[in-house]
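These are the residues of each chain, in order.
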Amino acid sequence: MSELLDSIARIAAARDVLALRQETLAIARARGFGGVYFLTPIARDSREGRVLTNVGFDELWARAYRWHLHRVDPLPEIALDQSVPFRWSEAPRLRELSGEEQRYMAILARRGMADGLAVVAFGPGSRVAMVGLGLHPDLASVGSDTTLELQIAVQASFQRYCKLIAPEFSEDTVLSQREMDVLYWITRGKSNAAIATILEIAPGTVDTYVRRIFRKFDVTDRVGAAMAAVKYGYVIAGDYRRIAGS
């Protein structure tokens, strides 16, 4: 218990989103989880923008999730209904899945993500987040005590996240899902023309999204946008370095 309290204290003292993510990851990995993803905010309408931060899971899945798989992922909605941690494999028991949702769960299995733990967290202003924990060598051995520790840590982490972004991250600066998609590829060093090809939209449309991102983040270039993406937890710092180093 003292170890958990020390971890919570470090979470509460995190000075930025990157440090906060690292502290949360450390707690998960200390309990055997090799992969963690952060999904915030979540809502019943999957068309609302979701920030996915992926550490350890298959990158092809993460790219496809940001692009279109978020529309058919049943786990966030189940998390909203359950309000307590649950195993991904329990999804068909917890709710009748549509054909598209069943195919999504099959995709997870093919990408080495057949099972894991979904943990929901609640913040101010009715904000809700979900953390996915997976790649555990023996998930069946994760008992109720460990699950409770993870739930406490995730809740503390999301509370700190909301406090960190609150002073600067108002409703006017929240990105749409498509803006998040464009921002993600900016942090990967892609040009507007390349982003248009990847997302199958017109180059002029990408230009519009980029201008909106710059305006919302109050930056004037792609490096500033990438730095803001790290600051607000949209990407891990390594993605930003692709821009800073170019």
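It should be noted that the structure appears before, not after, this text.
The following refers to the structure shown. All values reported here derive from a predicted model rather than from experimental measurement. (Residues numbered from 1 in each chain as written. Predicted model: local features only at pLDDT ≥ 70, side-chain atom pairs only at ≥ 80, totals over all residues. Heavy atoms only, no water.)

A separate point is the nonpolar core. One finds Phe33, Leu133, Val182, Leu183, Phe217 and Tyr234 to be the most contacted residues of the largest nonpolar core, which totals 52 residues. If you tally residues by element for this core, the top one is helix 7 (residues 144–165), at eight residues. If we skip the residues at most four places from it in the chain, Leu183 touches Leu175, Ile213, Phe217, Ala225, Ala229 and Tyr234. Ala62, Val72, Leu97 and Val128 belong to the second largest nonpolar core, which has 27 residues in total. (Core = buried A, V, L, I, M, F, W, Y, C linked by side-chain atoms within 4.5 Å. Buried < 20%, exposed > 50% of the residue type's maximum accessible area, 1.4 Å probe, protein only. Helix = DSSP H or I, 4+ residues; strand = E, 2+ residues; numbered from the N terminus. Contact = heavy atoms within 4.5 Å.)

With that settled, the discussion passes to the sheet that holds strand 5 (residues 128–134). Overall, antiparallel pairing links the five strands, which are arranged 2-1-5-4-3 in an open sheet. Both outer strands of the open sheet, strand 2 (51–55) and strand 3 (86–87), are each paired with one neighbouring strand and no more. Here strand 1 (residues 35–40) pairs with strand 2 via five bridges, running antiparallel. Paired with Phe38 across the bridge in strand 2 is Thr53. Against the sheet, helix 7 touches strand 1, strand 4 (116–122) and strand 5, its axis set at about 45 degrees to strand 4. (Pairing = 2+ DSSP bridges. Axes fitted to C-alpha atoms, helices over the stretch in contact; angles between N-to-C directions.)

Below, the discussion takes up the pairing of strand 5. In terms of burial, strand 5 is a largely internal element, seven of the seven residues being buried. Burial along strand 5 is two-sided: Val128, Met130, Gly132 and Gly134 facing one way and Ala129, Val131 and Leu133 facing the other are all buried. Here five bridges tie strand 1 to strand 5, and the two strands are oriented antiparallel to one another. Opposite Phe38, over in strand 5, you have Val131 as the bridge partner. As judged from the seven bridges shared by strand 4 and strand 5, these two strands associate in the antiparallel manner. Looking across to strand 5, one finds that Ala118 is bridged to Gly132. Two successive antiparallel strands, strand 4 and strand 5, enclose a turn made up of five residues, where Gly125 displays a positive phi of approximately 65 degrees.

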